[in-house]
Structures are given as C-alpha cells and as structure tokens.
Amino acid sequence: MAGSFKTEAVVLRSIRYGEADRVVHLYSTTRGRMGAIAKGSRRPRSRFGGRLEPFFRLDLVLHQGRGDLATVTSASTRDGHPRLRADGDALLAAGRACDNVLRLLDSGEPNPPAYNLLCRYLSLLDSDPEAPRSAGMALAFRLKLALAAGFAPELGSCAQCGEAEHLAAFSGAAGGVVCAGCEGGGFTLSEDAHRFMVEALGRPLAEAPAAEAGVAARADRAVTETLEHHAHVRLRPLPVEEGARAA
C-alpha cells in the first residue's frame, strides 16, 4: 500500500546507486524482506550517516510509492554492532547469515522467529568473542533459520517410511534422516552429526553444541541439500575443512 510507514529492520545488503544514493535490502519486523532506496545517503553530510550499512539494526520511516522500492525518509540506530565490525571473522559470519536470509526468505510477509533469530545471532557475534569462530553456532543458525522458513529436516524418524530405529543416512530429496532400508540416494550420517543437529535445534542459539570438522561438514551438507530440494535455494557452504567435506 502506498504511503509512509514505520518498521524495525536489519540491513542485509547495501549497494551504491547512482552518484549519491544507496539501495538497501532489509529484513523487517512488519514486511519481511524488502528493498528501499536512500536518496543522497552517500553525500558527506547525509542525515543517514553510516547507518545504512549491513548488520545495522534500525528504526526506519519509509515511504512506499508506486515502484517496488520504498524510500527511506528517516533512520535511527537500535544497534550498530560496533565490535562485530572490528573482527574479520565476525564480519564474515554476519555476512553469511545475512546472505542466508536473502536467499531463503524472499517473502514480503513478516516472520518474527526469523527476524528475532537474525538479531540474536548478530548480537552474539558482537558480544561473544568465541561466536565468530564457532562452526556449531553458525550451523545452529542455519538449522533454526530453515525451521523458521518451514524447511527444517526431519530428524526424529525416517523421512521415507517413518521408521524410528536404525537411522543410517540422510537424504536431501526425502527431507531428513532415512533408515537402512530407505538409504538409497542418501549419504551416511554419523550418530554424532545426527545428535548435533537435534541438539542445535533444541538448544538456545547461545548454547549451540560444538561441532568438529567432520560433524560440521555432514550437518552443513544435510541442511544445504534439504533446502536445495525443497526450497530450491542453494546456500553458500560453511568454511569447514575440505577433507571433512569430501568424506
């Protein structure tokens, strides 16, 4: 609908546009994924300052005209995550998280669990020195984001036949763990990797279990293949060790 509106949002991506403008991709509390243009935001004395950079959490006033992009008319900072911006690993982790949201959540409908999850992860990357280097936390974020988007893998019983015992593999096409009788087309999923995924979904993000390289590689593959088959989205792989990924 045309007119002005207020929303809280996280900047997922910021792109230079023209001589002085900026186009921002946002994930908001009230309109889900959306795009906006901030006119004159790259001028030295812009009223927006540096607020429209990725990972800023903002209170925004926007105007929706006839085009696809809203126009940012006001922006105030809720959280700029200054410590995150001083840590190279944290910047990479935050960039991957925002890219995940961009690829997986393209709806204009609000998704409060997804928004709160993104805000929580950015806050942890900003406040916890160990978080940026935690493969377990990065994978837990992906699993929880898949859950919020409606594409969480089946982990409690065989995704093909419902068998709760003898779960031996994972099938992205089936959308979850599979038993020995339905294993065709899947890949071996160790007990440790299965346990990690269950615990990562069940625990708060700040208490995500640790994941050694082999476990991380298989869990990442499980999430990636599930989303490829069922959401038709391919996420960028996490930087786990190559030998573990190939196993």
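Residues numbered from 1 in each chain as written. Predicted model: local features only at pLDDT ≥ 70, side-chain atom pairs only at ≥ 80, totals over all residues. Heavy atoms only, no water.

(A) Representation of the nonpolar core. One finds Leu118, Tyr121, Phe141 and Phe196 to be the most contacted residues of the largest nonpolar core, which totals 54 residues. When residues of this core are traced back to their parent elements, those giving at least two are β1 (3–17), α1 (88–104), α2 (112–127), α3 (135–149), α4 (191–202) and α5 (213–230). Apart from the residues within four sequence positions on either side, Phe141 is in contact with Ala97, Asn100, Val101, Leu117, Leu118, Tyr121 and Leu205. Residues Phe5, Leu26, Met34 and Val72 belong to the second largest nonpolar core, which totals 17 residues. (Core = buried A, V, L, I, M, F, W, Y, C linked by side-chain atoms within 4.5 Å. Buried < 20%, exposed > 50% of the residue type's maximum accessible area, 1.4 Å probe, protein only. Helix = DSSP H or I, 4+ residues; strand = E, 2+ residues; numbered from the N terminus. Contact = heavy atoms within 4.5 Å.)

(B) Region of interest: the pairing of strand β6 (residues 167–171). Bridging between β6 and strand β7 (residues 176–179) involves 4 bridges; their strand directions are antiparallel. From the neighbouring strand, Phe170 faces β7, where its bridge partner is Val177. Bridge count for β6 against strand β8 (residues 187–188) is 2 bridges, and the pairing is antiparallel. Pairing of Ala169 across the sheet is with Thr188, part of β8. (Pairing = 2+ DSSP bridges.)

(C) Summary view of the packing of aromatic side chains. Enumeration according to the criterion identifies 2 aromatic pairs in this entry. A centroid spacing of 4.8 Å and a plane angle of 20° characterise the contact between Tyr121 and Phe141, whose relative ring orientation is stacked. Here Tyr121 is found in helix α2, whereas its partner Phe141 is found in helix α3, with 20 residues between them in sequence. Of the two residues, Tyr121 and Phe141, both sit in the buried class. Between Phe170 and Phe187, the aromatic rings sit 5.9 Å apart at their centres with planes inclined by 40°, giving tilted as the arrangement. Residue Phe170 is located in strand β6, and its partner Phe187 is located in strand β8; the two are separated by 17 residues in the primary sequence. Like Phe187, Phe170 is buried. Across from the ring centre of Phe5, 3.5 Å away, lies the NZ or CZ of Arg31, which sits over that ring. When the ring centre of Phe187 is taken as origin, the NZ or CZ atom of Arg221, which lies over that ring, is 4.1 Å away. (Phe/Tyr/Trp six-rings, centres within 6.5 Å; stacked < 30°, edge-to-face > 60°. Lys NZ or Arg CZ within 6 Å of the ring centre and 35° of its normal.)

(D) Region of the structure containing the pattern of salt bridges. Enumeration according to the criterion identifies 15 salt bridges in this entry. A salt bridge links Asp126 to Arg83, with the shortest nitrogen-to-oxygen separation between them at 3.0 Å. Placement of Asp126 in helix α2 and of Arg83 in the loop between β5 (70–79) and α1 is noted, with a sequence separation of 43 residues between them. With relative accessibility at 7%, the residue Asp126 sits in the buried group. Among the charged side chains, a network of salt bridges with common partners joins Glu8, Arg57, Asp59 and Arg78. (Salt bridge = Lys/Arg side-chain N within 4 Å of Asp/Glu carboxyl O.)

(E) Looking closely at the pairing of strand β3 (residues 32–38). Within β3, 6 of the 7 residues are buried, which leaves it mostly tucked inside the rest of the structure. Examined bridge by bridge, strand β2 (residues 21–28) and β3 share 7 bridges and lie antiparallel to one another. When the sheet's bridge partners are listed, His25 is paired in β3 with Gly35. Sheet analysis places β3 next to β5, joined by 2 bridges and oriented parallel. Within β5, the residue paired with Ile37 across the bridge is Thr71.

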